[in-house]
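Now for the letters of each chain:
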Amino acid sequence: MSKRRFDLDGIPLDDEDGRTTAILRFRTTRGLVLALPESVDVTIPWGDVASASVDLVKGRIVIEVAEAARQHHRWLGAARRLSGTWTDRELLQEPPR
């Protein structure tokens, strides 16, 4: 049996108006990799990320792009903040053995 782990890959990220703008793919040493609806992956370099948080209580992730960096990421449109909720693959009452 494979180990269970937090899996953030594939979380749809919505803009402030509730439109799905990107899908979270990976965290790399260069930045966050997101998949865009046009089936292309983009990397937001860490220097362009104003903040990124994972709320384990609510199962929510929030990414804010630095204002000065928005010109480099025109696909964001007017959005500055992307957020999404992940769905657990299985509800655990206790840790697996």
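Before going into details, it helps to say that this report is about the structure given with it. (Residues numbered from 1 in each chain as written. Predicted model: local features only at pLDDT ≥ 70, side-chain atom pairs only at ≥ 80, totals over all residues. Heavy atoms only, no water.)

**Remarks on the overall build of the protein**
- The secondary structure content of the protein amounts to zero helices and seven strands.
- The order of helices and strands in the protein, counted from the N terminus, is β-β-β-β-β-β-β.
- For the protein, the C-alpha atoms occupy an extent of roughly 50 × 30 × 25 Å along the three principal directions.
- Across the 97 residues in the protein, those meeting the buried criterion constitute 32%.
- Of all intrachain contacts in the protein linking residues separated by at least 6 positions in sequence, the fraction that spans at least 24 positions is 35%.
- Accessible area of the protein: about 7,100 Å², with a carbon and sulfur share of 50%.
- On the protein, the mean spot of the 15 positive side-chain charges and the mean spot of the 15 negative ones are 4 Å from each other. (Helix = DSSP H or I, 4+ residues; strand = E, 2+ residues; numbered from the N terminus. Buried < 20%, exposed > 50% of the residue type's maximum accessible area, 1.4 Å probe, protein only. Contact = heavy atoms within 4.5 Å. Areas by Shrake-Rupley, 256 points an atom, 1.4 Å probe, with all protein chains shown as cover. Lys, Arg positive; Asp, Glu negative; His and termini not counted. Charge placed at Lys NZ, Arg CZ, Asp CG, Glu CD.)

**Topic: the nonpolar core**
- With 19 residues, the main nonpolar core has Ile11, Leu13, Leu24 and Leu34 as its most contacted residues.
- Every element with two or more residues in this core is listed here: strand E2 (20-27), strand E3 (31-36), strand E4 (40-45) and strand E6 (60-65).
- Not counting residues up to four positions away in its chain, the partners in contact with Leu34 are Leu13, Ala22, Ile23, Leu24, Arg25, Val40, Asp41, Val42, Ile44, Trp75 and Leu82. (Core = buried A, V, L, I, M, F, W, Y, C linked by side-chain atoms within 4.5 Å.)

**Considerations on the side chain of Thr21**
- Take Thr21: it is sitting in strand E2.
- Within polar-contact distance, the side chain of Thr21 engages the backbone oxygen of Arg19 at 3.1 Å.
- When residues no more than four places from it in sequence are discounted, the contact partners of Thr21 are Leu13, Asp14, Asp15, Leu36, Pro37, Trp75 and Leu82. (Polar contact = N/O pair within 3.5 Å; in protein donor to acceptor, adjacent residues only side chain to side chain.)

**A closer look at a nonpolar patch on the surface**
- Together, Phe6, Val54 and Leu56 give the surface a local cluster of nonpolar side chains, amounting to about 330 Å² of exposed area.
- If you trace the backbone, Val54 turns up in strand E5 (residues 49-55). (Patch = residues over 30% accessible without salt bridge, like charges linked within 9 Å, V, L, I, M, F, W, Y side chains within 5 Å. Salt bridge = Lys/Arg side-chain N within 4 Å of Asp/Glu carboxyl O.)

**Some thoughts on the pattern of salt bridges**
- For the coordinates displayed, the defined rule picks out six salt bridges.
- In this structure, the salt-bridge partner of Arg19 is Asp15, at a minimum N-O distance of 3.0 Å.
- The class for Arg19 is partly exposed, based on a relative accessible area of 49%.
- On the basis of relative accessible area, Asp15 is assigned to the buried category, the value being 9%.
- Of the charged contacts, one joins Glu67 and Arg80 as a salt bridge, the two residues approaching to 3.3 Å between their closest N and O atoms. Taken together, the residues span a long stretch of sequence, with Glu67 in the loop between E6 and strand E7 (81-85) and Arg80 in the loop between E6 and E7 at a distance of 13 residues.
- Take Glu67: its relative accessible area is 48%, and that puts it in the partly exposed class.
- Residues joined by salt bridges that share partners form a network here, namely Glu64, Glu67, Arg70 and Arg80.

**A short note on unusual backbone geometry**
- Residue Ser39 is not a glycine yet carries a positive backbone phi of 65 degrees.
- By the element assignment, Ser39 lies in the loop between E3 and E4.

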